[in-house]
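Below, each chain spelled out in residue letters.
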Amino acid sequence: MAIAGCSSSGGAASSPSGTSGSAASGSASASGSGSASASASGSGSASASASGSGSAASGSAASCTLPDPVKVGVVFTLTGGGAQYGATQKNGVQLAADQLNAKGGVKYDLNIQDSQTDNKQAISIFESMIDAGDSVIIGPTLSDAAKQTDPIAQQAKVPVLGVSNTAAGITSIGDYIFRDSLTESAVIPQTIKAAKAKYNLKKVVVMYANDDAFSEGGYDAFKQALSDQGITTAKTLTFSKNDTDFRSLLTEAKGENPDALVVSSLIDAAVPIVTQARQLGMKMPIIGGNGFNSPALMKDAGSAANGVVVGAAWNSASDNPLSQQFIKDYTAKYGSAPDQFATQAYTGMLVVDNAVRSACSADRDAIKDALGKTKDLPTPLGNLTLDSNRDAVHDAVVQIVQDGKFAVLK
Ligand code: 1QQ
């Protein structure tokens, strides 16, 4: 069940779940609706059709019918340095909304805006969405922006669901702030553990951007994990997120002869770091944080990216049927494969839909309360729970770039 306390009645009664059980893994109502959209065909749609049978909006998730579209504000970085993330995020939410809108019962009116990788722009978009009466806001893409936008939404009592924020200190802004993205502190210990086992790491050099909330948060998580796992940090080097020439820093790093280079940065710095490190003859593994999770890494750094290790919330090799269906649907619609950010954004709409249907309301407070009850929701990311800190809980995966692809590190 996806929403504790709401699911049993609606789900059991409404979904003719004899056939729907497999994909939804026994979920009853609210979760069933989430999975229904993910698996456009066959099994999952059972609970969706239940809305048609709707004996009005009884508050039972699967039978929820709302008279007006639910206004969802979406704030992504579609231009500027973060554009690589925002482009696929936009595709992900759009696909989910299209599928959900085709289901009936509840319709979503998405208002997708470009924060231009500019925190001031993100703030002004948040303010306009709050004024426009949006029921919930998805985004912004970057933690650096979220640290500034989310207090405004909290103040206005508008629920926010981050779908890519991984820095510490986001959801602690307040009780209206949620995220479906795993934090760096949830993923990085597993990344370091897997890399240590694979490469017998004893000594590393750490590099991070010290003018970006995500990169700094990631650095804190790496530092903690390295020390917890008895790996020596020979040197810590800092740079600006706007830097492009890392040769002198990398030469300094190389001088330490580390077993690995650990980097916390956004993709715009990750690409030249990886490229220039290889140019300088640094063949050791490079371990990145969430900023590395874009296919732009392989596209722009080419073969230099091979051997990069990065933990993630999702990998396309997952045998989760909802993930496989999502990949099919996404690829059919956009002609390219989804990445982690697309998957998290798509899942974000499922999480919102699950909350809206469970509350059977477009009311901000009702949605906020329902978001807080998200439990074991079947999604392409796996069964997803939002914990008491409003952070995502589901399995992570450690990846390595091989032949230009994120493969699962074994
Ligand atoms: C954050 C991130 C970025 C790397 C991706 C959007 O995780 O800013 O929190």
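Below is a summary of the structure that appears in this document. (Residues numbered from 1 in each chain as written. Predicted model: local features only at pLDDT ≥ 70, side-chain atom pairs only at ≥ 80, totals over all residues. Heavy atoms only, no water.)

**Focus on the overall build of the protein**
Piece 1. Helix and strand counts for the protein stand at 15 helices and 15 strands.
Piece 2. Sorting the 410 residues of the protein into buried and exposed places 59% on the buried side.
Piece 3. Of the contacts formed within the protein by residues at least 6 apart in sequence, a portion of 71% connects residues at least 24 apart.
Piece 4. Roughly 14700 Å² of accessible area belongs to the protein as shown, and the carbon and sulfur atoms make up 49% of that amount. (Helix = DSSP H or I, 4+ residues; strand = E, 2+ residues; numbered from the N terminus. Buried < 20%, exposed > 50% of the residue type's maximum accessible area, 1.4 Å probe, protein only. Contact = heavy atoms within 4.5 Å. Areas by Shrake-Rupley, 256 points an atom, 1.4 Å probe, with all protein chains shown as cover.)

**Side note on the site of the ligand**
Piece 1. In the vicinity of the ligand there are 13 residues, among which Ser-143, Ser-164, Thr-166, Phe-214 and Asn-290 approach most closely.
Piece 2. Here an oxygen atom of the ligand sits 3.0 Å away from a polar atom, N or O, in the main chain of Ser-164.
Piece 3. Surface burial for the ligand is 100%, taken as the share of its 280 Å² of free accessible area covered by protein chains.
Piece 4. Grouping the constituent residues of the shell around the ligand by class yields 6 nonpolar, 7 polar and no charged. (Near = heavy atom within 4 Å. Polar contact = N/O pair within 3.5 Å; in protein donor to acceptor, adjacent residues only side chain to side chain. Nonpolar A, V, L, I, M, F, W, Y, C, P; charged D, E, K, R; others polar.)

**Re the environment of Leu-250**
Piece 1. Mapping Leu-250 onto the fold places it in helix 10 (residues 247–255).
Piece 2. A sequence separation of 13 residues divides Leu-250 from Leu-237, and the C-alpha atoms of the two residues are 9.0 Å apart.
Piece 3. Excluding anything up to four places from it in sequence, Leu-250 contacts Met-207, Leu-261, Ile-273, Gln-276, Ala-277, Leu-280 and Met-282.

**Concerning the nonpolar core**
Piece 1. Membership of the largest hydrophobic core comes to 44 residues, with the highest contact counts inside it found for Val-72, Val-93, Tyr-108, Ile-138, Met-349 and Val-356.
Piece 2. Within the residue set of this core, elements represented by two or more residues are strand 1 (70–76), helix 5 (83–103), strand 2 (108–114), strand 3 (136–138), helix 13 (321–334), helix 14 (340–359), helix 15 (364–371) and strand 12 (382–386).
Piece 3. The element that contributes the greatest number of residues to this core is helix 14, accounting for 9 residues.
Piece 4. Ignoring anything within four residues of it in the chain, the contact list for Tyr-108 reads Val-70, Val-72, Leu-100, Asn-101, Met-349, Val-352, Asp-353 and Val-356. (Core = buried A, V, L, I, M, F, W, Y, C linked by side-chain atoms within 4.5 Å.)

**Considering the environment of Ser-294**
Piece 1. Locating Ser-294 in the fold gives a position in the loop between strand 9 (286–288) and helix 12 (296–301).
Piece 2. Along the sequence, Ser-294 and Phe-406 sit 112 residues apart, while their C-alpha atoms lie 9.4 Å from each other.
Piece 3. Leaving out residues up to four positions away in the same chain, Ser-294 has contacts with Gln-84, Tyr-85, Ile-267, Phe-341 and Phe-406.

**Some words on unusual backbone geometry**
Piece 1. The amide bond that connects Gly-139 to the next residue, Pro-140, takes the cis arrangement and shows omega of -10°.
Piece 2. Within the secondary structure, Pro-140 sits in the loop between strand 3 and helix 7 (143–156).
Piece 3. Positive phi is not limited to glycine here, since Gln-116 has a value of about 60°.
Piece 4. Here Gln-116 falls in the partly exposed class, since its relative accessible area comes to 39%.
Piece 5. Positive phi is not limited to glycine here, since Asn-257 has a value of about 50°.
Piece 6. The topology assignment puts Asn-257 in the loop between helix 10 and strand 8 (260–264).

**A word on the environment of Asn-354**
Piece 1. Position of Asn-354 among the secondary structure elements: in helix 14.
Piece 2. Overall, the relative accessible area of 0% leaves Asn-354 in the buried class.

**Thoughts on the packing of aromatic side chains**
Piece 1. Applying the stated criterion across every chain, the model contains 6 aromatic pairs.
Piece 2. With 3.9 Å between their ring centres and 5° between their planes, Tyr-208 and Tyr-219 make a pair best called stacked. A residue pair is termed long-range when its members are at least 10 positions apart, and Tyr-208 in strand 6 (residues 203–209) and Tyr-219 in helix 9 (residues 213–228) qualify at 11 residues. In this structure, Tyr-208 and Tyr-219 share a single accessibility class: buried.
Piece 3. Of the aromatic side chains, those joined through ring pairs into one cluster are Phe-326, Tyr-330, Tyr-334 and Tyr-346. (Phe/Tyr/Trp six-rings, centres within 6.5 Å; stacked < 30°, edge-to-face > 60°.)

**Remarks on the pattern of salt bridges**
Piece 1. Under the criterion given, the structure shown has 12 salt bridges.
Piece 2. Of the charged contacts, one joins Asp-391 and Arg-179 as a salt bridge, the two residues approaching to 2.7 Å between their closest N and O atoms. In this pair, Asp-391 sits in the loop between strand 12 and strand 13 (392–393) while Arg-179 sits in strand 5 (residues 177–179), placing the two residues 212 residues apart along the sequence. Each member of the pair, Asp-391 as well as Arg-179, carries the same accessibility label: buried.
Piece 3. Arg-357 is paired through a salt bridge with Asp-353; the nearest N and O atoms lie 2.9 Å apart. Here the residue Arg-357 and the residue Asp-353 both occupy positions in helix 14, the gap between them amounting to 4 residues, near one helical turn. Each member of the pair, Arg-357 as well as Asp-353, carries the same accessibility label: buried. (Salt bridge = Lys/Arg side-chain N within 4 Å of Asp/Glu carboxyl O.)

**Section: the sheet that holds strand 1**
Piece 1. Across the sheet, which stays open at both edges, the 5 strands sit in the order 2-1-3-4-5 with parallel pairing between neighbours. Of all the strands in the sheet, the pair left with one neighbour each is strand 2 and strand 5. Between one strand and the next, the sheet's axes are offset by a mean angle of 25°, whatever the strand orientation.
Piece 2. With 2 bridges joining them, strand 3 and strand 4 (residues 160–162) adopt parallel strand pairing. The partner of Ile-138 across the bridge, within strand 4, is Leu-161.
Piece 3. Sitting on the sheet, helix 14 touches strand 1, strand 2, strand 3 and strand 4, and the angle it makes with strand 2 is about 140°. (Pairing = 2+ DSSP bridges. Axes fitted to C-alpha atoms, helices over the stretch in contact; angles between N-to-C directions.)

Function-wise, these values are silent; they only describe arrangement.
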